[in-house]
Amino acid sequence: MASTKNSEPGLYWTPKGGNNHEAMFASCHNYTSVTKDKETGKVSKTTILIDMGQNEDPKDFADGVYQKVVPALTDCLAIPGQPEPEEPAAAIFLTHSHSDHIDAIFEYVQMGVELPPIYGTEYTINALRAEFIKRQIPVPEGLEMKTVEAGDTIEIGNMKVEALAASHSIPGCLSFKLSNEEVSAFHSGDTKSDQTSSLGDGRGVSLDAYRAMEGVDFAVWDGAMANRSGHSTSEAGAKEEYKKIFEDKANEGKQIIVAMPAAHSQRLASVIAAAAEAGKHVIINGGATMEINYVALGDNGYDLQEKYPDITIATAGSDEAQKIKPEDCITITTGIYGEKNSPFVKKLQGLDDSFVLRDDAVIVSPAVGKAVSEREKIEDLLDGYIEKDPDHRSGMKIITAETVKGIGSSGHAQHDDFFQDLLPALKAKVNVPTHVGSAKKAERFMQELRDAGYGTLSEYPRNGYTVQVTKQGCQIVAKEEVKWIGAKYSKKKDKDGNDVLDKQLSWSVEDDHGFSTGDFRQDNARKKIKEWQQKNSQGNNQDKGNNQNNVNSSIIKDIKRDGR
Ligand SMILES: [Zn+2]
Ligand SMILES: [Zn+2]
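Residues numbered from 1 in each chain as written. Chains lettered and ligands numbered in written order. Predicted model: local features only at pLDDT ≥ 70, side-chain atom pairs only at ≥ 80, totals over all residues. Heavy atoms only, no water.

Enquirer: Looking at this model, I keep getting lost on the sheet that holds strand 21 (residues 473-479). Mind explaining?
Expert: What links the strands of a sheet is backbone hydrogen bonding, and the strands pair in either a parallel or an antiparallel sense. A sheet is described by the order of its strands in space; here 8 strands give the open sequence 7-6-5-3-2-1-20-21, paired in mixed fashion. Either end of the sheet is taken by a strand with one partner, and the two such strands are strand 7 (145-147) and strand 21. Ignoring which end each strand starts from, the neighbouring axes of this sheet average 25° apart. The pairing of strand 5 (residues 89-93) with strand 6 (residues 118-120) spans 2 bridges and is classified as parallel. Residue pairing for strand 6: Phe93 is matched across the bridge by Tyr119. (Pairing = 2+ DSSP bridges. Helix = DSSP H or I, 4+ residues; strand = E, 2+ residues; numbered from the N terminus. Axes fitted to C-alpha atoms, helices over the stretch in contact; angles between N-to-C directions.)

Enquirer: How should I be thinking about the coordination of the zinc ion (ligand 1) in this particular structure?
Expert: Each donor-metal-donor angle would ideally measure 109.5 degrees in four-coordinate tetrahedral geometry, or 90 or 180 degrees in six-coordinate octahedral geometry. Only His96 (NE2), His98 (ND1), His168 (NE2) and Asp190 (OD) from the protein coordinate the zinc ion (ligand 1), and they sit 2.1 to 2.4 Å from it. Its 4 donor atoms give the zinc ion (ligand 1) angles of 89 to 172° at the centre, a pattern that matches the irregular case. Read in sequence order, the donor residues coordinating the zinc ion (ligand 1) give the pattern H-x1-H-x69-H-x21-D. A spacing of 3.3 Å is found between the zinc ion (ligand 1) and the zinc ion (ligand 2), which share Asp190 as a donor. A residue pair is termed long-range when its members are at least 10 positions apart, and His98 in the loop between strand 5 and helix 1 (99-102) and Asp190 in the loop between strand 11 (184-187) and helix 4 (207-212) qualify at 92 residues. Take His98 and Asp190: they sit in the same class, and that class is buried. (Donors = N, O, S within 2.8 Å, 3.2 Å for Na, K, Ca; no water. Tetrahedral: all angles 85-135°; square planar, octahedral: opposite > 155°, others 65-115°. Buried < 20%, exposed > 50% of the residue type's maximum accessible area, 1.4 Å probe, protein only.)

Enquirer: How should I be thinking about the packing of helix 6 (residues 265-277) against helix 7 (residues 288-299) in this particular structure?
Expert: Between two packed helices, what matters for the description is the angle formed by their axes and the separation of those axes. The N-to-C vectors of helix 6 and helix 7 enclose an angle of 80°; their axes lie 10 Å apart at closest approach. Relative to helix 7, the element helix 6 lies roughly perpendicular. Listed contacts from helix 7 to Ser265, Leu268 and Ile272 of helix 6 are Asn293, Tyr294 and Leu297. Of the residues in the contact of helix 6 with helix 7, the class split is 4 nonpolar, 2 polar and no charged. (Parallel < 35°, antiparallel > 145°, perpendicular 65-115°, else oblique. Contact = heavy atoms within 4.5 Å. Nonpolar A, V, L, I, M, F, W, Y, C, P; charged D, E, K, R; others polar.)

Enquirer: What is the right way to read the sheet that holds strand 16 (residues 329-333) from this model?
Expert: Pairing in this open sheet of 6 strands is parallel, and the strands run 15-14-16-13-17-18 from one edge to the other. Taken across any chain shown, the strands that pair with only one partner, and hence form the sheet edges, are strand 15 (313-315) and strand 18 (397-399). Each neighbouring strand pair of the sheet contributes to a mean axis angle of 25°, computed without reference to strand direction. By the bridge criterion, 4 bridges tie strand 13 (residues 256-259) to strand 16 in an arrangement that is parallel. Residue Ile257 lies in a different strand from strand 16, and its bridge partner there is Thr331. Of the strands in this sheet, strand 13, strand 16, strand 17 (362-364) and strand 18 touch helix 5 (residues 235-247), which is tilted by about 155° from strand 13. Sitting on the sheet, helix 7 is in contact with strand 14 (281-284), strand 15 and strand 16, with an inclination near 125° to strand 14.

Enquirer: I tried to follow the coordination of the zinc ion (ligand 2) on my own but got confused; where do I start?
Expert: Within the first shell, the zinc ion (ligand 2) binds the protein through Asp100 (OD), His101 (NE2), Asp190 (OD) and His435 (NE2), at distances of 2.1 to 2.4 Å. Of note is the zinc ion (ligand 2), whose 4 donor atoms meet at the metal with angles of 80 to 169° in an arrangement that counts as irregular.

Enquirer: How should the packing of helix 13 (residues 415-426) against helix 14 (residues 439-451) be read in this particular structure?
Expert: In the contact formed by helix 13 and helix 14, the axes pass within 12 Å of each other and the chain directions differ by 40°. In terms of their interaxial angle, helix 13 and helix 14 are classed as oblique. Here the hand of the crossing between helix 13 and helix 14 comes out right-handed. Taking contact as the criterion, the partners of His415, Phe418, Phe419 and Leu423 in helix 13 are, on helix 14, Phe445, Glu448 and Leu449. Of the residues that constitute the contact of helix 13 with helix 14, the class distribution is 5 nonpolar, 1 polar and 1 charged. (Left-handed = near helix turned anticlockwise from the far one by under 90°.)

Enquirer: Which parts of the structure should I look at to understand the nonpolar core?
Expert: In a soluble, globular protein the nonpolar side chains are often hidden away together inside. The biggest cluster of nonpolar side chains holds 34 residues, and the ones touching the most others in it are Tyr242, Phe246, Ile272 and Ile332. Taken together, the elements giving at least two residues each to this core come down to helix 5, strand 13, helix 6, strand 14, helix 7, strand 16 and strand 17. By size, the runner-up hydrophobic cluster in this structure holds 32 residues, among which are Trp13, Ile50, Val161 and Phe176. (Core = buried A, V, L, I, M, F, W, Y, C linked by side-chain atoms within 4.5 Å.)

Enquirer: I keep staring at the pattern of salt bridges and nothing clicks. Help me out?
Expert: Scanning all chains against the criterion turns up 23 salt bridges. Between Arg267 and Glu235 there is a salt bridge, with its nearest N and O atoms 3.1 Å apart. A residue pair is termed long-range when its members are at least 10 positions apart, and Arg267 in helix 6 and Glu235 in helix 5 qualify at 32 residues. Of the charged contacts, one joins Arg358 and Asp360 as a salt bridge, the two residues approaching to 2.8 Å between their closest N and O atoms. (Salt bridge = Lys/Arg side-chain N within 4 Å of Asp/Glu carboxyl O.)

Enquirer: Honestly, the pairing of strand 8 (residues 153-156) in this entry has me stumped. Any pointers?
Expert: Consecutive side chains of a regular strand alternate in pointing toward one face of the sheet and then the other. Across the two faces of strand 8 the burial differs, with Ile154 and Ile156 buried and Thr153 and Glu155 not buried at all. Taking the residues that link successive antiparallel strands as the turn, the strand 8-strand 9 (residues 159-165) hairpin has 2 residues, and the phi of Gly157 there is positive, at about 55°.

Next up, the structure:
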């Protein structure tokens with residue numbers, strides 16, 4: 001299958017997930033290095049994978065019958081019941097530990113697939129191990145998990161893999177440079193161009209390291225926020241903005257609540273740094289995930305209490321937390337998108353009263369990078385809460401990224417990150433986006449690249465396309481329809497009585513269903529027509545002919561207009 005598309009010496013990139021039509025999830029990239037011995041003419045091939053993520057919206061795939069959907073890596077992993085892979089992957093490199101980049105690992109392990117060695121930073125590998133424990137999946141004997149840190153170079157077969165620091169929203173993020181004796185490529189992973197970090201590890205993107213590469217032949221960029229204007233916030237800048245809010249005389253004596261995404265550990269560290277500088281204690285009250293992430297920081301050499309001994313950092317409900325007055329501390333919580341498990345959201349909805357929320361509270365909730373409707377969610381909830389008792393609560397106020405620029409919480413490169421920092425420093429000959437919310441956005445970014453004089457491909461490479469990188473240039477040499485693995489799960493109750501997924505029950509290899517190309521809209525249209533036909537034939541069996549055509553086309557129009 002893969003043998004003809006990569007017989008010439010060079011590097012070959014095939015996105016297996018992440019270059020979907022209308023979603024950015026399931027990041028997974030196959031890189032194959034092909035070299036030819038000058039004397040014997042013998043061809044050698046080495047394949048690695050970068051990231052193995054899951055589709056975060058399984059409901060959108062194949063009628064939503066599967067609870068988990070991950071790329072089907074039949075060409076590089078030995079999967080039971082599938083043909084032997086032609087080019088088995090020699091290693092898996094992880095850019096970071098977000099689920100859209102690592103969760104396919106748990107599906108494959110439960111399927112009994114033997115995986116090659118997995119490389120990631122200490123933070124990423126620890127997160128992976130913790131996730132095995134949390135899911136009660138035994139780590140298979142023989143599965144090697146190896147650490148690689150920024151600056152390290154690993155040799156795999158005929159390929160060199162160099163790790164570089166990336167700057168995202170959690171610690172331990174990497175970009176990779178891949179090279180063989182012919183050519184080189186750069187894979188950014190999730191990153192912005194921020195060169196600062198609030199974790200005190202000096203970690204941020206090193207543009208000097210980019211410059212030192214002196215131009216790679218090909219680069220695959222995190223395009224999640226590429227269409228957003230301006231620079232993404234830097235952690236150093238965000239810390240200063242938070243500090244100003246904490247020290248603002250207008251907020252003196254009031255309760256200050258900071259909401260943020262539970263997984264944004266970098267931001268958690270920035271807000272705690274700002275609190276320490278403003279002489280405020282910190283109470284963390286954002287639910288289980290945020291607490292786990294805070295503890296994980298401590299376990300990985302980022303003990304913030306040790307770093308800021310003059311303040312107390314306590315988790316809600318602890319003895320220390322009881323001793324701190326709300327006006328003397330910063331309460332850090334979740335819920336910027338109205339997440340229903342957030343203690344803050346539960347409080348606003350009147351579902352749980354344990355969250356301390358005073359009537360003078362100043363709420364800092366910088367949601368950006370999500371749809372406006374989602375940003376308004378928390379504002380709506382707060383409005384509803386105030387309306388219930390306006391006499392007392394009308395003094396509450398909310399500060400968003402609209403009011404104070406520089407507190408937005410994106411971990412992805414925006415327009416100026418690319419065109420002012422990343423692209424001119426790396427000077428890659430050809431640049432393509434991955435991890436973009438839609439094909440349209442990807443194409444827009446590629447046009448911006450062309451307009452600014454940067455090399456790119458003539459077409460957005462979808463999942464299953466193979467790009468050949470040679471000294472002569474880059475081109476799409478194959479377009480194969482990708483497959484996915486859908487897994488069904490048993491359910492169990494968590495401690496709050498909610499249904500959660502338990503164990504993988506069964507799995508099967510599924511077609512793309514247009515997920516990569518956008519044709520799934522037509523699939524959906526066909527399905528709706530079928531449903532309508534069934535309904536219609538039950539009620540009225542006559543007169544189907546012409547009527548049906550009219551209805552069909554109106555359904556199709558509706559679906560097109562929706563655009564998902
Ligand atoms: Zn990420
Ligand atoms: Zn991601």
